[in-house]
Amino acid sequence: MTPRPRGGEPCRPIPFGKELARGAANRELELVRTVIYPGSFDPFTNGHLDVVERAAKLFDRVIVAVASNDAKRPLFTLAERRRLAARALKPLANVEVDTFEGLLVQYAQRRGACAVIRGLRAVSDFEFEFQMALMNRKLNQRLETIFMMPKGAYTFLSSKLVKEVARLGGEISPFVPAHVEKALRAKLKPHRR
């Protein structure tokens, strides 16, 4: 019998913790509650970090899914964005960073996720995020969307704003991890006037 989470919808059991380390082939596996935190993360900010840290306390496994979305014309390559996020999240044992293309609901199903986390900074984010959540629910009724607000200190923060401040030579250290700041400065150096 497949274990069911409290919400009644099945999550796919996967090896985790001691079971994963032992490679338990015939043992019953623990039920792991997995959430996906998708985004372009161009670049990964302290606001993103705050949401992931809090999600990591609520779920057994958090997958930060860096989207391959060339329509947004990212500053960093997909591999660079993945690497920057992974370094920021290294201390969190139940967090992994991955990349994906295509529909989020299909990716979430492949990864056995029960929910998607979306960050909301302000009321202006809500309408777009609400539409996305409804479409995702229409495509997969088993996938829940959970909205999380970052700490008050990060409610104004966006990757786009951080890039603009950095382009203009402003101080960005309060907004991104140190290694992200260094990478951002190096990437923008040739573009400075």
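All figures in this text were calculated on a predicted structure; none of them were measured in a lab. (Residues numbered from 1 in each chain as written. Predicted model: local features only at pLDDT ≥ 70, side-chain atom pairs only at ≥ 80, totals over all residues. Heavy atoms only, no water.)

What to know about the nonpolar core
Membership of the largest hydrophobic core comes to 21 residues, with the highest contact counts inside it found for Phe44, Val52, Val62, Val64, Leu89 and Ile117. For this core, the element with the highest residue contribution is helix H2 (residues 46–58), accounting for 5 residues. (Core = buried A, V, L, I, M, F, W, Y, C linked by side-chain atoms within 4.5 Å. Buried < 20%, exposed > 50% of the residue type's maximum accessible area, 1.4 Å probe, protein only. Helix = DSSP H or I, 4+ residues; strand = E, 2+ residues; numbered from the N terminus.)

Here we look at the layout of surface pockets
The computed volume of the largest pocket comes to approximately 1200 Å³. Around the largest pocket, the lining is made up of 41 residues, and of these Pro38, Gly39, Ser40, Lys72 and Arg118 lie nearest the centre. Only strand E1 (34–39), H2, strand E4 (115–119), helix H5 (123–139) and helix H6 (159–167) provide two or more residues apiece to the lining of the largest pocket. By residue number, the principal contributor to the lining of the largest pocket is H5, which donates 9 residues. (1 Å grid on protein atoms, 1.4 Å probe; cavity = no way out; pocket = protein on both sides within 12 Å on 5 of 7 lines; lining within 4 Å. Points joined across faces, edges and corners; volume = space filled by probe spheres on them.)

What to know about the packing of H6 against helix H7 (residues 178–188)
Direction vectors running N to C along H6 and H7 enclose 60 degrees, while the axes themselves pass 10 Å from each other. When the axis of H6 is compared with that of H7, the two are oblique. Relative to H7, the crossing made by H6 is right-handed. From H6, Val162, Lys163, Ala166 and Arg167 reach across to H7, where they touch Leu184, Arg185 and Leu188. Residues of the contact of H6 with H7, tallied by class, amount to 4 nonpolar, no polar and 3 charged. (Axes fitted to C-alpha atoms, helices over the stretch in contact; angles between N-to-C directions. Parallel < 35°, antiparallel > 145°, perpendicular 65-115°, else oblique. Left-handed = near helix turned anticlockwise from the far one by under 90°. Contact = heavy atoms within 4.5 Å. Nonpolar A, V, L, I, M, F, W, Y, C, P; charged D, E, K, R; others polar.)

Remarks on the pattern of salt bridges
Counted according to the given criterion, the structure contains 9 salt bridges. Across the salt bridge formed by lysine 163 and aspartate 42, the nearest N and O atoms sit 2.9 Å from each other. On the criterion of sequence distance, the pair formed by lysine 163 in helix H6 and aspartate 42 in the loop between E1 and H2 is long-range, its members being 121 residues apart. The buried category is assigned to aspartate 42, whose relative accessible area is 4%. A salt bridge links arginine 111 to glutamate 96; its shortest N-O distance comes to 2.8 Å. Of this pair, arginine 111 sits in helix H4 (residues 104–111) while glutamate 96 sits in strand E3 (residues 95–100), and the two are 15 residues apart along the sequence. Classification of glutamate 96 as partly exposed rests on a relative accessible area of 27%. One connected set of salt bridges, linked through shared partners, spans Arg61, Glu96, Asp98 and Arg111. (Salt bridge = Lys/Arg side-chain N within 4 Å of Asp/Glu carboxyl O.)

Some details on the packing of aromatic side chains
Following the criterion strictly, the structure yields 6 aromatic pairs and no others. Each ring, one from phenylalanine 41 and one from phenylalanine 44, has its centre 5.7 Å from the other, and the planes form 45 degrees; the classification is tilted. Classification of phenylalanine 41 by relative accessible area gives buried; the value is 3%. Using a relative accessible area of 1% as the deciding quantity, one classes phenylalanine 44 as buried. (Phe/Tyr/Trp six-rings, centres within 6.5 Å; stacked < 30°, edge-to-face > 60°.)

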